[in-house]
Structure formats: structure tokens, C-alpha cells
Amino acid sequence: MKARINIGPAELETFLVIAELGSFSKAADRLALAQPSISNRVQRLERAMRTRLFERTTRAVVLTPSGERLRSRVGPLIQQLQDVIEEFSADADARNRSVVVATTPMLATVLLPPIITSFERQNPAICVELEDKVTPQLASDIRSGRVDFAVVAQRPPTEGIEFEIVAADRLMVVGPRGHKALASGSVPVDELARHPFLLLAAYKALIGPLVAKAAGEGLDLSPVRTVTNVSTLLGLVSAGLGLTLLPGLVLRIGGLIDDSRLEIATLEGTVLTRDWGIASLAGHDWSPGAKAFAAALRAALRAHSASGPVHELV
């Protein structure tokens, strides 16, 4: 029958420190313990080993032959244990200093970079890593723990994912500079239908009700072109190939609009909104860095969503 292990690393560490320093009081100082605690640990260790480990002389505390043998056996073990603890501690520190955020390619291009820049300027010890993913991949990355959270426009359709709406965003009409339809700063739906309509593919479902409503009034809002990249979309718009709808928040924060080539107006009579939010694993233990960046993200999105008309800010 194997002997029970009724001592722990604390007793062995204390034993090694006393052996090194030759003094109970010096060991107590190094370990930040009261001397009775040091003595109690040694007594427990000696009872477990069933032998004396130290001899006290008038000058110092020295190891007995059994103590010497124990030191040679457990010294490397305690050093290995300390190395493991330091390794895991370093990993934890690195996780606390690093935040991994996933989002869609459009938001990774235009919405997050300026927020990250501002945050890292104020928090130089924290690094934010940004991963651009297509929407179906976001939920799996959240569930696997590969990312701390995701910034998305809708709740991922996956059980166990929490979605916190941070800001509601209004879609704005974007057209080439000097376009007559945008001259008043507000574009009625019937006026929008008189011009070629371009659309970001991700917004097809979002504007579906508007297209259906317009069709019921005899208006055609079917897009003449649908593209997947917002930069491509704006290039087509600035070239005079049509008008489009984009979220005002993205336009405010992302600096997408070159006001020498493009201008913005509200959509009159109809309000189309898109919710931006934070998706995370339910019950996830957030690192301090992730908490800090999420707080900065909330503040930035809410501040910009509460701002005035977009065309006054670009």
C-alpha cells in the first residue's frame, strides 16, 4: 500500500528555503510568514517523513543526513513546479494584455480600426488583435474561445451566445458630390427610386421591407448592382453609377466619406436602422483587457450614434 501524501508544496518550499538560508527567522522573512508558521510547516514535514530534517546549533540550522537526502530529491521537483507556475502566470499576463476581437470584413475595415487606435493610445499595455470573419464563422470562434468577443450587427443564430445591443444606427443615402437628389439633405423614397440603386450584399435582407413597401406604391427599388465590398460600392457611387444606403455610424467613425467626391443625406419618411452589438459566450470569464476594450467600444459607438446628422460631421 502506497503512503498517503499528507504534505504539500508549501512545506517542501519552506524546507528548501530554511536549508538554503540556515535560519528559520530568515526563511520567515523571505516567505513573508510568521516564524511559528515556519516551524509548524517543518513539524508537519518531519512527521510525514518520520525523521528529523534539521539540527539546531548555536550558530545556525543545518540539515541532518535525512535532510540532505530530501533536499537532493525534492529540490528539482519544486523548481519544476515553480517553472510551471511561472509559465502559466506569464500566459495569463499575456492574455490579460491581449484582446482578440472578431468582426465582419466591412466593420474590420471601417469601424473598428479608429476605435482600436484610440484605445491603444490610452492603454499602451493592451494589444487588440482584430480578425475579420464572414458571419457564419463568428459564432464558432466565440464558442471555441479563440476570440474574446465579436462585434456584429445581429445576434449569431447559435445557442449559448449572448448579444448585447450597443447602438442603433440609421441608414443614410450616399451619392456623388453635387447629386441633385441629395441637395436638400433629405431624400424621399420616390426620389431614390428614380435613380440607379446600388447595394451592399449584406444589406439585402435589411432593406427588404423598404423594397416591398416601395413596390406596393409602384416604385422599383431593386438594386441594379449588388457588391460585397464597401470600398467597391463607394467607388461605384463616386463614379456616378448610382445611389446607395449605408449606416451612419460606419460613415462617422470609419472616415469612409471623401467629401470632395461623396455626400450624405437622410432617407425621408422612412427610418431603417441596424443594431450594432457585442456577441460573447454566455458565462465567459472576461480578461481585464477584454473588459476594458469592450467598455471603450461601447462608449465610442454610443457617443457617435448620439451625434448629430452625419453630413455635418464629415
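Heads up: the structure comes first, above all this text.
Rules and cut-offs
Residues numbered from 1 in each chain as written. Predicted model: local features only at pLDDT ≥ 70, side-chain atom pairs only at ≥ 80, totals over all residues. Heavy atoms only, no water. Buried < 20%, exposed > 50% of the residue type's maximum accessible area, 1.4 Å probe, protein only. Helix = DSSP H or I, 4+ residues; strand = E, 2+ residues; numbered from the N terminus. Arc of directions from axis to C-beta. Contact = heavy atoms within 4.5 Å. Phe/Tyr/Trp six-rings, centres within 6.5 Å; stacked < 30°, edge-to-face > 60°. Lys NZ or Arg CZ within 6 Å of the ring centre and 35° of its normal. Pairing = 2+ DSSP bridges. Salt bridge = Lys/Arg side-chain N within 4 Å of Asp/Glu carboxyl O. Core = buried A, V, L, I, M, F, W, Y, C linked by side-chain atoms within 4.5 Å. Axes fitted to C-alpha atoms, helices over the stretch in contact; angles between N-to-C directions. Parallel < 35°, antiparallel > 145°, perpendicular 65-115°, else oblique. Left-handed = near helix turned anticlockwise from the far one by under 90°. Nonpolar A, V, L, I, M, F, W, Y, C, P; charged D, E, K, R; others polar.

Draft legend 1. Here's a closer look at helix 2 (residues 24-31). If you check which residues of helix 2 are buried, you get F24, A27, A28 and L31. Down the axis of helix 2, the sector holding all buried residues measures 105°, keeping them to one side. Along helix 2, exposed side chains directed more than 90 degrees from the buried face belong to K26 and D29. If you follow the buried residues of helix 2, they end up packed against helix 1 (9-21), helix 3 (35-49), strand 1 (54-56) and strand 2 (61-63). Remark: A32 follows helix 2 within two positions and exhibits a positive phi of approximately 55°.

Draft legend 2. How the structure looks around the packing of aromatic side chains. Under the defined criterion, the tally for this structure stands at five aromatic pairs. Taking the centre distance of 5.5 Å and the plane angle of 55° together, the rings of F15 and F54 count as tilted. Residue F15 is located in helix 1, and its partner F54 is located in strand 1; the two are separated by 39 residues in the primary sequence. Classification of F15 as buried rests on a relative accessible area of 0%. On the basis of relative accessible area, F54 is assigned to the buried category, the value being 2%. Aromatic pair F24 and F54: ring centres 5.9 Å apart, planes at 75°, arrangement edge-to-face. You can see F24 sitting in helix 2 and its partner F54 sitting in strand 1, a full 30 residues away along the chain. With respect to class, F24 is no different from F54; both count as buried. Ring pairing ties together the aromatic residues F119, F149, W286 and F293, which thus form one cluster. Over the aromatic face of F24 sits the side chain of R56, whose NZ or CZ is 4.5 Å from the ring centroid.

Draft legend 3. Spatial organisation of the pairing of strand 3 (residues 98-103). Of all the six residues making up strand 3, six are buried; the element is thus mostly covered by neighbouring parts of the structure. For strand 3 and strand 4 (residues 127-132), the ladder comprises six bridges, and the chain directions are parallel. Looking at the pairing, V99 lines up with V128 of strand 4. Where strand 3 meets strand 5 (residues 149-152), three bridges bridge the pair, whose relative direction is parallel. Counted as the bridge partner of V101 is F149 from strand 5.

Draft legend 4. Structural detail: the pattern of salt bridges. For the coordinates displayed, the defined rule picks out ten salt bridges. The shortest N-O distance in the salt bridge between R30 and E20 comes to 2.8 Å. Highlighted residues: R30 in helix 2 and E20 in helix 1, separated in sequence by ten residues. On the basis of relative accessible area, R30 is assigned to the partly exposed category, the value being 46%. In this structure, D141 and R146 form a salt bridge, with 3.3 Å as the shortest nitrogen-oxygen distance. Since its relative accessible area comes to 44%, R146 is described here as partly exposed. The structure contains a network of salt bridges with shared partners spanning E131, D141 and R146.

Draft legend 5. Local environment of the environment of T273. Within the secondary structure, T273 is located in strand 12 (residues 273-281). Note on T273: relative accessible area 41%, which makes it partly exposed. In this structure the C-alpha to C-alpha distance between T273 and A167, which are 106 residues apart in sequence, comes to 9.9 Å.

Draft legend 6. Broad picture of the nonpolar core. Within the largest apolar cluster, 63 residues are counted, with the highest numbers of intra-cluster contacts made by M106, F149, L245, L246, W276, F293 and L301. Setting aside residues no more than four positions away along its own chain, L246 makes contact with R170, L171, M172, V174, L200, Y203, V230, L233, L234 and L251. If you look at the next biggest cluster of nonpolar residues, it comprises 21 residues, including V17, F24, F54 and V61.

Draft legend 7. Fine view of the packing of helix 1 against helix 2. Orientation of helix 1 relative to helix 2, taken along the N-to-C sense of each, is 125°, at an axis distance of 8 Å. Classified by the angle their axes make, helix 1 and helix 2 are oblique. Note that helix 1 runs across helix 2; the crossing there is right-handed. Residues E13, T14, V17, I18, E20 and L21 of helix 1 form the contact with helix 2, whose own contacting residues are F24, K26, A27, R30 and L31. Here the contact of helix 1 with helix 2 is composed, by residue class, of six nonpolar, one polar and four charged.

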